[in-house]
Amino acid sequence: MTSRGTPSRFLRSVLQNGVGRYVCQLKRVSIIFSKKAQGSLGVRDFIEEGVVDYAKKNPGTVVYVSPQPCRVPKIVAEYLNGNTKEELVTNKTSQQVLEVLTKLTDQSGLDIIRIRKPFHTDSPSIQGKWHPFTNRPPSAGFIRPQSQHAE
């Protein structure tokens, strides 16, 4: 926690993801819906139309479809780091359900928090930060603005 009261951290990738090859962090998706409830209509349409296409585009993600007698349809996403996220999809269309699934697929499973700086290194330089005059010889003197001759 910081003095602002909101958690923050430095920018980092999950398990150095992207250094070798990209690994989707989403492990499992459970689509929970009701067969009869009106709020699950868009989810049922998505299951009929688009769940197979989604599964083909994301072969590393297991998709579970479970019809249960529930009032509120939801999507439960489980990530490789052990975190789970639930998204309610009540009264959403098939396209909106696909957008929610795509959002969950693109996330890393980490909580969304404020980033302290857009850059960070685990081994900072002992020489200091680079600037344009770092390697300039001291014999060159100071840099002064050029005088303009009025003609």
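The rules behind the values
- Residues numbered from 1 in each chain as written.
- Predicted model: local features only at pLDDT ≥ 70, side-chain atom pairs only at ≥ 80, totals over all residues.
- Heavy atoms only, no water.
- Helix = DSSP H or I, 4+ residues; strand = E, 2+ residues; numbered from the N terminus.
- Buried < 20%, exposed > 50% of the residue type's maximum accessible area, 1.4 Å probe, protein only.
- Contact = heavy atoms within 4.5 Å.
- Pairing = 2+ DSSP bridges.
- Salt bridge = Lys/Arg side-chain N within 4 Å of Asp/Glu carboxyl O.

Student: Just to check I follow, could you spell out the environment of Y54 for this structure?
Tutor: Looking at where Y54 falls in the secondary structure, it is placed in helix α2 (residues 51-57). We classify Y54 as buried; its relative accessible area is 5%. Separated by 44 residues in the primary sequence, Y54 and L98 place their C-alpha atoms 8.1 Å from one another. If we skip the residues at most four places from it in the chain, Y54 touches L26, V29, F46, T61, V63, L98, L101 and T105.

Student: Any chance you could explain the pairing of strand β2 (residues 26-33) here in plain terms?
Tutor: A regular strand carries its side chains on alternate faces of the sheet. The buried fraction of β2 is high, at 6 of 8 residues. Across 6 bridges, the pairing between β2 and strand β3 (residues 62-67) is parallel. Bridged to S30 within β3 is Y64.

Student: What is the right way to read the pattern of salt bridges from this model?
Tutor: Any two side chains of opposite charge can pair, so long as their charged atoms come close to each other. Under the counting rule described, the total for this entry stands at 3 salt bridges. E86 is the salt-bridge partner of K74, the closest N and O atoms lying 3.8 Å from each other. With a gap of 12 residues between them, K74 in strand β4 (residues 74-79) and E86 in strand β5 (residues 84-88) connect regions that are remote in the sequence. A salt bridge links K103 to E87; the nearest nitrogen and oxygen atoms lie 3.1 Å apart. In this pair, K103 sits in helix α3 (residues 94-106) while E87 sits in strand β5, placing the two residues 16 residues apart along the sequence.

Student: What exactly am I supposed to notice about unusual backbone geometry here?
Tutor: For residues that are not glycine, phi is negative in most cases, and the peptide bond is trans in most cases. Although it is not a glycine, N91 sits at a positive phi angle of roughly 55°. Here N91 is to be found in the loop between β5 and α3. Among the residues examined, N91 registers a relative accessible area of 60% and is labelled exposed.

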